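Chain by chain, the residues run as shown.
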Amino acid sequence: MPIGGRSHIRIARPSLDLAAAERFWVEGLGLKVVYRAEADGHDLLMLGWPDADWHLELVREAGHPVEPRPTEEDLLVVYLDEEVPAELVDRLVEHGGIRVRSPNPYWNEWGVTVADPDGYRLVLCKRAWSNA
């Protein structure tokens, strides 16, 4: 199968606390655990929606933890095509997120930015998006 629009994408990031990250992404955003592995100090957590063509992989190596180094421009944007529900933002904060302002005024106008427990930023955008 050649690479194309239906090719699955994995976004991989280090995490210092997989339990905290899982609370944010699963209990906060509503992603599902699609795979989990814990072996020899190399812990892996894959999160996504079952019908999506992407998933988020979080890894932690107990003996050699990699410090997450997100910048304010490391964004995972979810286009909602509707107003961002206040209860969703509240739930993300309740489950370990921190609401932050973006240095890019576009995201402040069109969405809400929340940092996850490792500092990576999730933008909930009220606009729609299509590559077509």
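Residues numbered from 1 in each chain as written. Predicted model: local features only at pLDDT ≥ 70, side-chain atom pairs only at ≥ 80, totals over all residues. Heavy atoms only, no water.

- The protein appears in an unreviewed UniProt entry as VOC family protein from Streptomyces mauvecolor.

**Description of the overall build of the protein**
(1) Moving on: Across its full length, the protein holds three helices and eight strands.
(2) Moving on: Its helices and strands taken in sequence order, the protein reads β-α-β-β-β-β-α-β-α-β-β from the N to the C terminus.
(3) Moving on: Counting only C-alpha atoms, the protein reaches 45 × 40 × 25 Å along its principal axes.
(4) Moving on: For the protein, the proportion of its 132 residues judged to be buried stands at 36%.
(5) Moving on: Put simply, 56% of the contacts in the protein that link residues at least 6 apart link residues at least 24 apart.
(6) Moving on: A total of about 8,000 Å² of accessible surface is found on the protein, and carbon and sulfur atoms cover 51% of it.
(7) Moving on: Charged side chains of the protein number 14 positive and 23 negative; the gap between the two group centres comes to 3 Å. (Helix = DSSP H or I, 4+ residues; strand = E, 2+ residues; numbered from the N terminus. Buried < 20%, exposed > 50% of the residue type's maximum accessible area, 1.4 Å probe, protein only. Contact = heavy atoms within 4.5 Å. Areas by Shrake-Rupley, 256 points an atom, 1.4 Å probe, with all protein chains shown as cover. Lys, Arg positive; Asp, Glu negative; His and termini not counted. Charge placed at Lys NZ, Arg CZ, Asp CG, Glu CD.)

**Digging into helix α1 (residues 18-29)**
(1) Moving on: Look at α1: 15 Å from first C-alpha to last across 12 residues, which is about the 16 Å you get at 1.5 Å a residue.
(2) Moving on: Residues of α1 that are buried: Leu18, Ala20, Ala21, Phe24, Trp25, Val26, Gly28 and Leu29.
(3) Moving on: Structurally, the start of α1 carries an N-cap: the backbone nitrogen of Ala19 is 3.2 Å from a side-chain oxygen of Asp17.
(4) Moving on: One or two residues past the end of α1 sits Gly30, with phi positive at roughly 105 degrees. (Expected span 1.5 Å × (residues − 1). Polar contact = N/O pair within 3.5 Å; in protein donor to acceptor, adjacent residues only side chain to side chain.)

**As for the packing of aromatic side chains**
(1) Moving on: By the definition in use, this model includes four aromatic pairs.
(2) Moving on: A cation over an aromatic ring shows up here: Arg127 above the ring of Trp110, its NZ or CZ 4.1 Å from the ring centre. (Phe/Tyr/Trp six-rings, centres within 6.5 Å; stacked < 30°, edge-to-face > 60°. Lys NZ or Arg CZ within 6 Å of the ring centre and 35° of its normal.)

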